[in-house]
Amino acid sequence: MTTAKRRISGLLAIALSALLLAAPARAIVSTGTPTALHSDTDGDAEIDRQAVSREIERFRSSSISINQAIAIAEARHAGATTADVSFDGASGVPVYRVKTLHNDRIWRHTINAATGELVGGEAALPLAELDLDDRSNLAALGAIKHRLADAVHVAERAASGKAISGGLVRERGRLNFAIVVISGDNLKEVILEPPGARTK
């Protein structure tokens, strides 16, 4: 997920200290259409809205949740940690695309959203081939005790919905989890700052 050019309105800060004692330190819920779910059109708002609606419908008809997809991908390599997950309903079969970190490699998994089966093989990319910012973010992910699955759980409760994507973002020197949640007919982006994730 990128942080640039978000078309989000109506920021609503939510205090989650009572929600989960071990939850990330703070959450901000935004409503609108996060750029992660925008189509690659010329900016026609109606086409974007229709593409997002189709994606949401395919997501709602899926049997596998985002946390189940994370668990399936992490089970492929003992000790793996998920860095990014997103639902993709544009292909023939709806899938989750999950990136996990294990043994200085990023593993890419495609998981069938109806059956939970791994689609195709898995691909690995050595961390050394990533740019410095990505390596820094992944190093910070390994150093914090909270996992993306924890952030998904908190975001779903905060936004009263089901997560469709999640990953790491860095804003103003802070590493955050950004989770997109479908709540009713709305998309909400929940930003969670894990304790100990601040960097210089």
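In what follows, the accompanying structure is described.

## Some remarks on the pattern of salt bridges
- Applying the stated criterion across every chain yields a total of five salt bridges.
- Close ionic contact of Arg60 with Asp185 constitutes a salt bridge, the shortest N to O distance being 4.0 Å. Of this pair, Arg60 sits in helix α1 (residues 45-60) while Asp185 sits in the loop between β8 (174-183) and β9 (186-193), and the two are 125 residues apart along the sequence.
- Under the relative-accessibility criterion, Arg60 is labelled partly exposed at 40%.
- Look at Asp185 and you get exposed, because its relative accessible area is 70%.
- Notably, a salt bridge pairs Arg147 with Glu74, separated by 3.0 Å at the nearest N-O pair. Pair noted here: Arg147 is in the loop between α3 (132-143) and α4 (148-159) and Glu74 is in helix α2 (residues 66-75), with a separation of 73 residues, a long-range link.

## Concerning α1
- The first and last C-alpha atoms of α1 sit 22 Å apart over 16 residues, in line with the 22 Å expected at 1.5 Å per residue.
- All of the buried residues along α1 are Asp48, Ala51, Val52, Glu55, Ile56 and Phe59. Along the axis of α1, the buried residues cluster in a sector spanning 135°; they form a single face.
- Residues of α1 that are buried in the fold lie against β3 (81-88), β4 (95-102), β7 (162-171), β8 and β9.

## A look at α2
- When we look at burial in α2, the residues that qualify are Ile66, Ala69, Ile70, Ala73 and Glu74. The buried residues of α2 all sit within an arc of 130° when viewed along its axis, so they share a single face.
- On its buried face, α2 sits against β3, β4, β5 (105-112), α4 and β7.

Calculation rules
- Residues numbered from 1 in each chain as written.
- Predicted model: local features only at pLDDT ≥ 70, side-chain atom pairs only at ≥ 80, totals over all residues.
- Heavy atoms only, no water.
- Salt bridge = Lys/Arg side-chain N within 4 Å of Asp/Glu carboxyl O.
- Helix = DSSP H or I, 4+ residues; strand = E, 2+ residues; numbered from the N terminus.
- Buried < 20%, exposed > 50% of the residue type's maximum accessible area, 1.4 Å probe, protein only.
- Expected span 1.5 Å × (residues − 1).
- Arc of directions from axis to C-beta.
- Contact = heavy atoms within 4.5 Å.

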